[in-house]
Amino acid sequence: MESKRILITGAGSGFGEGTAIGLAQLGHQVIAGVQISPQVTALRLKAKELGLENNLRVERLDILDPYDVKYALTWDIDILFSNAGMGEAGPVFEIPVDLVRRNFETNVFAPLDLAQKFIAKFINEKRKGKVVFTSSMGGLFTPAGYGIYVSTKHALEAIAEALHEELKPYNIQIQTVNPGAYLTGYNETMADNPFRWLDDSKNFTKRADMRATFDSLLGTAEGRLDPKEMIDAMIKIVPSDTGKFRNVVPKFVEDMLKEHQLKAWENTI
């Protein structure tokens, strides 16, 4: 595969960091965008230790910072891997709406804004481009306790599907990657977030019950998968010129989602 110039957002940890390193090791020119300055230093040091200084460039790119975004648009890339995100969990009927807005800002509005800007750049330069969005298994179903986070991924799925059709005349490709419950720390941190505001003296949902809900999903082997499997898949999917629009990993999660979607037609109140 020819070398591609790839920008990855949310590359300071987890899937983003692993994919940035893996793509650089394959010879691609990677710009790893990380949210905060300490992540810049840490990943630059790791790149040096791995001998990747020449093709793994680390830059601060907080997708909510207009100055970071403006600077990012000066970079020449072939592929935008829009991976940055965060998660707010908790009961939908009680979660503070300002947290909902914040989650949509990070997971939907900012990624859409960045994608629009790079898409316009590709079109104006009359050249091929590609945008890959990190969605989630939660973009295709809604478990209790995660409704707000997965609603952002449902929205991202709709945006990506529309872009996929709209951009065909411009030779710009769109894909999603939909990870299962991999143990990167992301899901575990999200599961801790409601305990900042859940109050047994005020909320109908009790803290112990909320923790039990999260443990039932994340405390099993299926909820603690080895992230290397997903990173290996991303390394193949992101630079490829061919492939599926939606990419769910692992296979048993894809099968579960297909079964869930069929059963949804039979749901009753």
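Cut-off values and rules
- Residues numbered from 1 in each chain as written.
- Predicted model: local features only at pLDDT ≥ 70, side-chain atom pairs only at ≥ 80, totals over all residues.
- Heavy atoms only, no water.
- Pairing = 2+ DSSP bridges.
- Helix = DSSP H or I, 4+ residues; strand = E, 2+ residues; numbered from the N terminus.
- Axes fitted to C-alpha atoms, helices over the stretch in contact; angles between N-to-C directions.
- Contact = heavy atoms within 4.5 Å.
- Phe/Tyr/Trp six-rings, centres within 6.5 Å; stacked < 30°, edge-to-face > 60°.
- Parallel < 35°, antiparallel > 145°, perpendicular 65-115°, else oblique.
- Left-handed = near helix turned anticlockwise from the far one by under 90°.
- Nonpolar A, V, L, I, M, F, W, Y, C, P; charged D, E, K, R; others polar.

Engineer: Mind laying out the sheet that holds strand β4 (residues 79-82), listing which residues take part and the relevant values?
Structural biologist: The seven strands are arranged β3-β2-β1-β4-β5-β6-β7 in an open sheet whose pairing can be described as parallel. Edge strands, defined here as strands with exactly one partner in the open sheet, are β3 (56-60) and β7 (246-249). Ignoring strand direction, the axes of neighbouring strands in this sheet form an average angle of 15 degrees. As paired strands, strand β2 (residues 29-34) and β3 are joined by five bridges and run parallel to one another. Note that in β3 the partner of V30 across the bridge is L56. Contacting β4, β5 (129-134), β6 (172-179) and β7, helix α8 (residues 228-237) runs over the sheet at an angle of about 175 degrees to β6.

Engineer: Which residues make up the packing of aromatic side chains, and what values go with them?
Structural biologist: Here the structure, examined in full by the defined rule, presents eight aromatic pairs. Each ring, one from F15 and one from Y182, has its centre 5.9 Å from the other, and the planes form 80 degrees; the classification is edge-to-face. Here the residue F15 occupies a position in helix α1 (residues 14-25), and Y182 occupies one in the loop between β6 and α6 (186-192), the gap between them amounting to 167 residues. Judged by centre distance (6.5 Å) and plane angle (40 degrees), the rings of F118 and F122 are tilted.

Engineer: Got a sec to walk through the packing of α1 against α8? Specific residues and values, please.
Structural biologist: Running from N to C, α1 and α8 point in directions that differ by 50 degrees, and their axes come no closer than 9 Å. It follows from the interaxial angle that α1 and α8 lie oblique. Crossing hand, α1 versus α8: right-handed. Contact residues: α1 offers G14, F15, G18, T19, G22 and L23, while α8 offers M230, I231, M234 and I235. Classifying every residue of the contact of α1 with α8 gives six nonpolar, four polar and no charged.

That's the geometry; what it means functionally is another story.
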